Amino acid sequence: MTAYDVIVLAGGAAKRLGGADKPGLRVGGRALLDRVLSACADAAVTVVVGGRRATARPVVWTREVPEGGGPLAALGAGLRMTTAERVLVLSADLPFLGRGTVDALLTAAGEPGREGALCTDPDGRDQPLVAAYRAEPLRRELALIATEHGSLAGLPLRLLTAELDLARIDAGPDASFDCDTWDDIAAARARIREHGAVLDEWITSVKNELGIDLDVDTALLLDLARDAAHGVARPAAPLTTFLVGYAAARASAGAGPDEGAAAVAEAARKATDLALRWEAEAEASGGEAAGAGGSGGGTADGTAGGAGRDAGREGTGTP
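Residues numbered from 1 in each chain as written. Predicted model: local features only at pLDDT ≥ 70, side-chain atom pairs only at ≥ 80, totals over all residues. Heavy atoms only, no water.

Engineer: Just give me the short version of the overall build of the protein chain, but keep the residues and values in it.
Structural biologist: A count of helical and extended segments in the protein chain gives twelve helices and nine strands. By residue count, 39% of the 319 residues in the protein chain fall in the buried class. Accessible surface for the protein chain amounts to roughly 17100 Å². Of this, 54% is attributable to carbon and sulfur atoms. (Helix = DSSP H or I, 4+ residues; strand = E, 2+ residues; numbered from the N terminus. Buried < 20%, exposed > 50% of the residue type's maximum accessible area, 1.4 Å probe, protein only. Areas by Shrake-Rupley, 256 points an atom, 1.4 Å probe, with all protein chains shown as cover.)

Structure representation (structure tokens):
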């Protein structure tokens, strides 16, 4: 993928949220701003236009002039901090923005003759703050607008997008879902807990919380946990997955994320094979015990008559 910079607009008064710190509001345990930053983690330069705050990864901070001057003024301030040929432009309140949408925007913006690309929402409305632009025409149009109107403050984004040749990307209902009201925040928090999404959301949140850059094969680990719980005992499931992670970390110390993922897969394979061997032994022992019990006075654990009771107390301290 061609190098790109990103500008995240994180200012604004959030009037419909009662003036709350919108970029800092949490969905799935992560700040909205951090969720956006995670979708563009490979940007060469990340500029956030807004008040400084703690973020999950380093960014360059700047403010629009005047503060509160609106999205065009914020975009102009951010653009001065970038150098890449393509610039991703995002608002800070997109809880479901994913890497796939980012890639689609950057690819469409690079098509011959295009000056950028933006997402459209399910109602067909343009979303200029979920977009990628070629830097040169973006700078040109912002300069022309500023000359015509005296400044960029207080001007609507449509003055910019109307002058650019932009591709439209239908990225589905989630990519452009933004959080302008408390109802939006509640809907986003409920959506991440839906059955089809909750595990991926949780794993992503845990990786971000722990600072882990690793592709986790969730299905592989779930299969391992199932086999350990079924073939050994229920508490074996979390303990085994912990040990797999520890073993993988030791095996891939100093290596990159790809090697780490391979180490997890190999450790999980070994642990799964072991759990299946335990299960097979238990099934074989059960069959042998049943055969012994049917052939003459054996007990359910496969021992003879009275010996089974004594054997069951051995090592317990009972006289």
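That covers the picture; the talk isn't over yet.
Engineer: I'd like to hear about the pattern of salt bridges, residue by residue, with values.
Structural biologist: With the rule as written, the count across this model stands at 20 salt bridges. The partner of D93 in a salt bridge is K22, and the shortest N-O contact between them spans 2.9 Å. One end of the pair, D93, is in the loop between β6 (86–91) and α3 (99–109); the other, K22, is in the loop between β1 (5–9) and β2 (26–27), and 71 residues separate them in sequence. For the pair shown, D93 and K22 are each scored as buried. Here R140 and E115 are joined by a salt bridge, their closest N and O atoms 3.0 Å apart. Of the two residues, R140 sits in helix α4 (residues 135–149) while E115 sits in the loop between α3 and β7 (116–120), which places them 25 residues apart along the sequence. With relative accessibility at 32%, the residue R140 sits in the partly exposed group. Each of E115, E136, R140 and E141 takes part in one network of salt bridges that share partners. (Salt bridge = Lys/Arg side-chain N within 4 Å of Asp/Glu carboxyl O.)

Engineer: Go over helix α8 (residues 198–210) with me, naming the residues and quoting the values.
Structural biologist: When the terminal C-alpha atoms of α8 are compared, their 18 Å separation across 13 residues agrees well with the 18 Å that a helix rising 1.5 Å per residue should span. One or two residues past the end of α8 sits G211, with phi positive at roughly 70°. (Expected span 1.5 Å × (residues − 1).)

Engineer: Report on a nonpolar patch on the surface, specifying residues and quantitative values.
Structural biologist: Together, V198, L199 and L222 make up a nonpolar patch on the protein surface, roughly 240 Å² of accessible area in all. Tracing the sequence through the fold places V198 in helix α8. (Patch = residues over 30% accessible without salt bridge, like charges linked within 9 Å, V, L, I, M, F, W, Y side chains within 5 Å.)

Engineer: Describe the nonpolar core, listing the residues and the values that go with them.
Structural biologist: In terms of nonpolar packing, the biggest core is built from 29 residues, with L88 and L90 touching the most fellow members. At the level of elements, β1, α1 (32–38), β6, α3, β7, β8 (126–134) and β9 (166–170) are the ones that each hand at least two residues to this core. Element by element, the count of residues in this core is highest for α3, at five residues. Discounting chain neighbours no more than four positions away, the residues touching L90 are V6, I7, V8, L9, V36, C40, L97, L129, V130 and A131. One finds V49, A74, L75 and V89 within the second-largest nonpolar core, a separate group that totals 25 residues. (Core = buried A, V, L, I, M, F, W, Y, C linked by side-chain atoms within 4.5 Å. Contact = heavy atoms within 4.5 Å.)

Engineer: Mind laying out the packing of helix α9 (residues 218–231) against helix α10 (residues 236–251), listing which residues take part and the relevant values?
Structural biologist: Any two packed helices are characterised by how steeply their axes cross, that is the angle between the axes, and by the distance between the axes. Two elements in contact, α9 and α10, have axes whose closest approach is 8 Å; the angle formed by their N-to-C orientations is 135°. When the axes of α9 and α10 are compared, the pair comes out oblique. Helix-helix and strand crossings are classified by hand; for α9 and α10 the assignment is right-handed. Counting all contacts with α9, which are made through L221, L224, A225, A228 and A229, the residues of α10 involved are A236, A237, T240, T241 and V244. Residues belonging to the contact of α9 with α10 are distributed by class as follows: eight nonpolar, two polar and no charged. (Axes fitted to C-alpha atoms, helices over the stretch in contact; angles between N-to-C directions. Parallel < 35°, antiparallel > 145°, perpendicular 65-115°, else oblique. Left-handed = near helix turned anticlockwise from the far one by under 90°. Nonpolar A, V, L, I, M, F, W, Y, C, P; charged D, E, K, R; others polar.)

Engineer: So what's going on with the packing of aromatic side chains? Residues and values would help.
Structural biologist: Within the structure shown, the criterion is met by two aromatic pairs. Ring geometry for F96 and F177: centres 5.8 Å apart, planes at 55°, overall tilted. Placement of the pair is F96 in the loop between β6 and α3 and F177 in the loop between α6 (172–175) and α7 (182–191), with a sequence separation of 81 residues. The class for F96 is buried, based on a relative accessible area of 14%. Judged by its relative accessible area of 16%, F177 is buried. Ring centres of F242 and Y246 lie 6.5 Å apart, and the angle between their planes is 25°; on these two criteria the pair is classed as stacked. Here F242 and its partner Y246 are both found in helix α10, four residues apart, which amounts to about one turn of the helix. Sitting over the ring of F177, R191 keeps its end group 4.7 Å from the ring centre. (Phe/Tyr/Trp six-rings, centres within 6.5 Å; stacked < 30°, edge-to-face > 60°. Lys NZ or Arg CZ within 6 Å of the ring centre and 35° of its normal.)

Engineer: I'd like a description of the packing of helix α2 (residues 71–79) against α4, backed by residues and values.
Structural biologist: Packing of α2 against α4 brings their axes to within 11 Å, and their N-to-C directions diverge by 130°. By the angle between their directions, the pair α2 and α4 is classed as oblique. α2 and α4 meet at a crossing whose hand is left-handed. Only L138, R139, L142 and I145 of α4 make contact with α2, whose side of the interface consists of L72, L75, G76 and L79. Of the residues belonging to the contact of α2 with α4, the class tally is six nonpolar, one polar and one charged.

Engineer: Give me the confidence of the model for the protein chain: which residues, what numbers.
Structural biologist: Looking at the protein chain, the pLDDT average stands at 85 and 88% of residues meet or exceed 70. A low-confidence stretch, residues 296–319 (pLDDT under 50), is modelled with 15 contacts involving residues beyond four sequence positions or located in other chains. (pLDDT = per-residue confidence, 0-100.)

Engineer: I'd love a proper account of α3, names of residues and values included.
Structural biologist: Buried within α3 we find T101, V102, L105, L106, A108 and A109. Angularly, the buried residues of α3 cover 165° about the axis, an arc narrow enough to put them on a single face. Residues of α3 that are buried sit in contact with β6, β7, β8, β9 and α6. (Arc of directions from axis to C-beta.)

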